[in-house]
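# Commentary on secondary and tertiary structure
Each chain, written out:
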Number of protein chains: 2
Amino acid sequence: MLTAAAAVEPYCSDWRGRYHGRARAVLRPGTVAEVAAVVAACSAAGVAVVPQGGNTGLCGGATPLADGAAVVVSLARLNRVRAVDGDNDTIEVEAGCTLAALQDAAAAADRLFPLALASQGSCMVGGNLSTNAGGVHVLRYGNMRELTLGLEVVLPDGRVWDGLRGLRKDNTGYDLKHLFIGAEGTLGIITAAVLKLFPRPRRRAVAWLAVADAGAAVALLGRLRATAGERLCAFELVGASALELVLRHIPGARPPLARPAPWSVLVELADADPAAALDEQLAAVLGAALEEGLIGDAALAASLSQAEALWALRENISEAQKIEGFSIKHDISVPVSRIPAFLAAADAALQERWAGVRIVAFGHLGDGNLHYNLSHAQGEDNSALLARSAEVNRIVHDLVASFGGSISAEHGIGQLKRGELPRYKSALELELMGRIKQALDPRGLMNPGKLL
Amino acid sequence: MLTAAAAVEPYCSDWRGRYHGRARAVLRPGTVAEVAAVVAACSAAGVAVVPQGGNTGLCGGATPLADGAAVVVSLARLNRVRAVDGDNDTIEVEAGCTLAALQDAAAAADRLFPLALASQGSCMVGGNLSTNAGGVHVLRYGNMRELTLGLEVVLPDGRVWDGLRGLRKDNTGYDLKHLFIGAEGTLGIITAAVLKLFPRPRRRAVAWLAVADAGAAVALLGRLRATAGERLCAFELVGASALELVLRHIPGARPPLARPAPWSVLVELADADPAAALDEQLAAVLGAALEEGLIGDAALAASLSQAEALWALRENISEAQKIEGFSIKHDISVPVSRIPAFLAAADAALQERWAGVRIVAFGHLGDGNLHYNLSHAQGEDNSALLARSAEVNRIVHDLVASFGGSISAEHGIGQLKRGELPRYKSALELELMGRIKQALDPRGLMNPGKLL
């Protein structure tokens, strides 16, 4: 237990520095029994609990509120890989395992754990589960939810639910694990999970393509899915302004193609079969697409280092945006088929309101998930952009809703978007969520002020 | 509304003829608004509701109780395919669509809906969702739960929850759809769903293999997964006695290999790429396995008709068992890695107790899911076997539990296994299920006497 102000303080701010709370203490249990004892004691005393993993969330879901009434329970010491079952293709890990440690344990068993995020060196499995983390390989492998077979959860009264089943099929009642996944710690503390493992890909093919518009990118996605099937493991859309920022700010970044294009697509195929002719398969689809004018140009990575250089262009967008200055970010999804119409409508609405504003759009087109961000117009300063955040959010999120989309595709709600939910979810859905909360945490002690 | 006894009667028995109930009436609404009106009227009158789709369930979940207090709400007229979105790879269908009609609608859009069951001509989407149906392709595509993106549900008070989102990523609160999937109609009536579509496989390779024991089958599964990855779309284990029954009772069935083997495996690879060299890939893995003695013999289907003949051997096991006479059936799962030990322990326990009893084991080894059935010993009659059902179930299910398994892998609980749950689920898990039920259906009007 940490109580000294200096020791507690690092647990009270999120890593982006947007939220600063206070806590009575930080508890760092090292076993599930200790987590249970801590939660039971808090329950008995009526003290609220804020579960925290790697503290890398983007919505303030793991940061205590400013009232200082809660304790933070850090899962960082609960970090064992409990078991790997190769024949069952499963791994059992504790909530405090970093995602990177989980990936490493899978690799050591000659398997893949496919979730991959920028923060994987420090984010933890408990947080990945509680936010239903996504990333670049969801197209093929699904979100964290789809990767989970079983959970162990400390309930709000301190009892432990052992749902650590490693079964692909189990139809014996309500599937309770799905309540806790994505619940952002508001229904209990996930302490361990049984997760799926996959064959390791032994061949990859990576290409960077120029397309005239998002519609062409959607058409190309359909072509690739039709022949490559599940081999298609990433399909990332990158707007021209996003690539420009990377080329301007990231040392060593080089244009992937001879001429700039309105939109780029980063494609990756992967196959477990070491003899798979992925380059040939990709080249055949791209060759046909070039001839038809569906894509303007293409660069196929001829080596691992070339593939990494192409991926770096995609992965450095957030870093480049940070260097450029403040930006208004949106983590949205719409049906893949509606991405082009959404982009056209959003761009038009924003440019009409603020001519010259730079739209930095990129993301996981294969999942219908875009990071639709705004940077200040050339010559304008950050504060002008910052001042209109609420207005921008309203325009973007209203459009997302009108296209049947989600205002938080993969980052969750936390504190950041809690106030937005009543506008974008039906009263009935919010009521159902409230009834679930009431059923499992009637006293509201689990992570108050988040999500609900 | 049907009220005449002769009209109501067909809705009051399950298709296996194990359950015979009574109902005040059968309602057959044709729109969601009509479903909502029916449920609201029942709620106002305090009348229980039994939702029913194709009435093909195996556990009596759609059959009203004998007390005759409930009405049956048939979803059969709510059977439209509402929309197909090719670019989003989704389809929106109503609960009364048969699975075959759904598959056909997907095929008409040049897509695959992968769920496949013996009853697909008559089972309906609402039932597939409410029982989280499985089948032979779960290994690659997942259960019905994994195939579902959004739901529309009439709640116990008659209000309609519109959760029909076609999004791969949406992290905006508790994922309510997972409560209703697999809930067997005890929390509301699913009226429509948005489901995932997949690229159509354009190449297949099918083989029948002889293995000495289940351990060899598990090892082979690992080899195939490691190179074929997601192309491996079926891996079915068939015990010698199951194959014998098919060869004895099914006209036209022929031995797939020159000599009988203790166990057989039916393998299928499939690929969206019409140029995929699946036969060669499968032959390479099987050739290496033959050389090592992991498999004893193998027959690769050289034509579509040969592939169908091999599949018919697998698919006719239940029919052959029915012809042979009464059998005690178990739909169980354990972790794939524990299948060999489970089989050894269960066979030993049963043979020790009843020497000569025939164990007819087969199923989806790739999912850890076996149909572990017993037929009477040669010379014994059905009634002797029938009389010991409870004792057999206890031995098998206790062993399943000791191996971390499930007593209902894909068929659900319904009336059949409701009495078993308190023995095999923790009191805490049952309490949590009860709290969810209480939160959503506090008056207990939805499908009483099932599951909970």
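Residues numbered from 1 in each chain as written. Chains lettered and ligands numbered in written order. Predicted model: local features only at pLDDT ≥ 70, side-chain atom pairs only at ≥ 80, totals over all residues. Heavy atoms only, no water.

Next up on the list: the overall build of chain A. Scanning chain A for helices and strands turns up 16 helices and 18 strands. In terms of overall size, chain A behaves like a compact globule, its C-alpha atoms giving a radius of gyration of 23 Å where 452 residues would be expected to give roughly 22 Å. Taken along the three principal axes of its C-alpha coordinates, chain A extends 70 × 55 × 45 Å. Split into buried and exposed, the 452 residues of chain A put 60% on the buried side. Sequence separation of at least 24 residues holds for 74% of the intrachain contacts in chain A that already meet a minimum separation of 6. Of the charged side chains in chain A, 43 are positive and 47 negative, and the gap between their average positions amounts to 4 Å. (Helix = DSSP H or I, 4+ residues; strand = E, 2+ residues; numbered from the N terminus. Rg over C-alpha atoms; globule rule 2.2 N^0.38 Å. Buried < 20%, exposed > 50% of the residue type's maximum accessible area, 1.4 Å probe, protein only. Contact = heavy atoms within 4.5 Å. Lys, Arg positive; Asp, Glu negative; His and termini not counted. Charge placed at Lys NZ, Arg CZ, Asp CG, Glu CD.)

With that out of the way, let us pick up the state of the cysteines. Tallied over the entire structure, the rule returns 0 disulfides over all chains. No disulfide involves Cys42(A); its sulfur sits 14 Å from that of Cys12(A), the nearest cysteine. This cysteine, Cys59(B), is not joined by any disulfide, and Cys123(B) carries the nearest cysteine sulfur, 14 Å off. (Disulfide = S-S within 2.5 Å.)

Right, let's get into the UniProt feature "domain: FAD-binding PCMH-type" (unreviewed entry) in chain A. UniProt marks residues 19-200 of chain A with the feature "domain: FAD-binding PCMH-type" (unreviewed entry), using the numbering shown here. The annotated region residues 19-200 of chain A carries 21% helix and 24% strand content, and the separation between its end C-alpha atoms amounts to 39 Å. (UniProt positions renumbered as here; feature names shortened; annotations may be inferred.)

The next subject is the interface of chain A and chain B. Across the boundary between the two partners, chain A contributes 82 residues, which contact 82 residues of chain B. Each partner contributes to the roughly 6800 Å² buried at the junction of chain A and chain B, and carbon and sulfur atoms together form 52% of this total. Among the residues of chain A in contact with chain B, Lys169(A), Asn171(A) and Tyr174(A) are the three that bury the most area, contributing 16% of the side total. Here chain A is connected to chain B by 16 salt bridges. (Buried area = accessible area lost by both parts, 1.4 Å probe. Salt bridge = Lys/Arg side-chain N within 4 Å of Asp/Glu carboxyl O.)

Using the criterion set out here, one finds 8 aromatic pairs over all chains in the structure. Note on Phe342(B) and Phe403(B): the rings are 6.1 Å apart at their centroids and 90° apart in plane angle, and the pair reads as edge-to-face. Note that Phe342(B) is positioned in helix α12 (residues 339-353) and Phe403(B) in the loop between α14 (389-402) and α15 (421-424), a separation of 61 residues in sequence. Classification of Phe403(B) by relative accessible area gives buried; the value is 11%. Joined through ring pairs, the aromatic side chains of Phe342(A), Tyr372(A) and Phe403(A) make up one cluster. (Phe/Tyr/Trp six-rings, centres within 6.5 Å; stacked < 30°, edge-to-face > 60°.)

Residues and elements named next belong to chain B. Taking strand neighbours across the sheet as the criterion, the 5 strands line up as β4-β5-β9-β7-β8 in an open arrangement whose pairing is antiparallel. Looking at strand neighbours, the two that pair on one side only are β4 (81-85) and β8 (160-163), the edges of this open sheet. If you compare each strand with its neighbour and ignore which way they point, the axes differ by 10° on average. Across 4 bridges, the pairing between strand β7 (residues 148-154) and β8 is antiparallel. Among the inter-strand pairings, glutamate 152 is bridged to a residue of β8, identified as aspartate 162. Contacts from helix α2 (residues 32-45) reach β4, β7, β8 and β9 (189-196) within the one sheet, and its direction differs from that of β7 by about 50°. The sheet contacts of helix α3 (residues 99-108) involve β4, β5 (90-94) and β9, and relative to β5 the element is tilted by about 150°. (Pairing = 2+ DSSP bridges. Axes fitted to C-alpha atoms, helices over the stretch in contact; angles between N-to-C directions.)

Going through the model one piece at a time under the given rule, you end up with 60 salt bridges over all chains. Linked by salt bridges that have partners in common, Arg80(A), Arg82(A), Glu92(A), Glu94(A) and Glu152(A) make up one network.

Take the side chain of Arg314(A) next. Summarising the element assignment, Arg314(A) is placed in helix α10 (residues 304-315). Ignoring anything within four residues of it in the chain, the contact list for Arg314(A) reads Trp208(A), Glu236(A), Val238(A), Leu266(A), Phe362(A), Gly363(A), His364(A) and His371(A).

Another aspect to go through is the sheet that holds strand β3 (residues 71-74) of chain A. All names here are of chain A. In space, the 3 strands of this open sheet follow the order β1-β3-β2, with parallel pairing throughout. Looking along the sheet, the strands with just one partner apiece sit at the ends: β1 (26-27) and β2 (49-52). Pairing analysis gives 2 bridges linking β1 to β3, with the strands arranged parallel. Counted as the bridge partner of valine 26 is valine 72 from β3.

Okay, the domain arrangement of chain A next. Residue and element names in this part refer to chain A. Domain parsing of chain A yields domain 1 (5-74), domain 2 (81-199), domain 3 (203-318) and domain 4 (325-409). Using C-alpha coordinates to define each centre, domain 2 is positioned 30 Å away from domain 3. Contacts between domain 2 and domain 3 engage 5 residues on the former and 11 residues on the latter. Regarding the contact of domain 2 and domain 3, the summed buried area is about 690 Å², with carbon and sulfur atoms giving 62% of it. Together, Val136, Leu139 and Arg140 form the three largest contributors to the area buried by domain 2 at its contact with domain 3, with a combined 80%. Joining domain 2 to domain 3, the criterion identifies 0 salt bridges. If you look at where domain 2 meets domain 3, you find 3 residue pairs in polar contact (both at pLDDT 80 or more). (Domains from an automatic or database assignment. Polar contact = N/O pair within 3.5 Å; in protein donor to acceptor, adjacent residues only side chain to side chain.)

With that out of the way, let us pick up the nonpolar core. By size, the foremost hydrophobic cluster in this structure holds 80 residues, and its most contacted members are Phe113(A), Phe180(A), Leu195(A), Phe113(B), Phe180(B) and Leu195(B). Dropping the residues within four chain positions of it, Leu195(A) is found in contact with Asp89(A), Thr90(A), Ile91(A), Val93(A), Leu102(A), Phe113(A), Val125(A), Leu129(A), Met144(A), Leu147(A) and Thr148(A). (Core = buried A, V, L, I, M, F, W, Y, C linked by side-chain atoms within 4.5 Å.)

Packed helix pairs are characterised by how far apart their axes lie and by the angle those axes make with each other. Residue and element names in this part refer to chain A. Where helix α7 (residues 214-228) contacts helix α12 (residues 339-353), the two axes come as close as 8 Å, and the packing angle between them is 165°. With respect to α12, the axis of α7 lies roughly antiparallel. For the crossing formed where α7 meets α12, the hand is right-handed. Counted together, Ala214, Gly215 and Val218 of α7 and Ile339, Pro340 and Leu343 of α12 form the full contact between these two elements. Of the residues belonging to the contact of α7 with α12, the class tally is 5 nonpolar, 1 polar and no charged. (Parallel < 35°, antiparallel > 145°, perpendicular 65-115°, else oblique. Left-handed = near helix turned anticlockwise from the far one by under 90°. Nonpolar A, V, L, I, M, F, W, Y, C, P; charged D, E, K, R; others polar.)

Residue and element names in this part refer to chain A. The terminal C-alpha atoms of helix α9 (residues 278-292) lie 21 Å apart, and with 15 residues this matches the ideal 21 Å at 1.5 Å per residue to within 8%. Among the residues of α9, Leu278, Gln281, Leu282, Val285, Leu286 and Ala289 are the ones counted as buried. Buried residues along α9 cover an arc of 120° about the axis, so they all sit on one side. Exposed residues on α9 whose side chains face more than 90 degrees from its buried face are Glu280 and Glu291. Taken together, the buried residues of α9 touch β11 (203-211), α7, β13 (263-271) and β14 (297-300). Two residues or fewer past α9, glycine 293 is found with a positive phi of approximately 80°. (Expected span 1.5 Å × (residues − 1). Arc of directions from axis to C-beta.)

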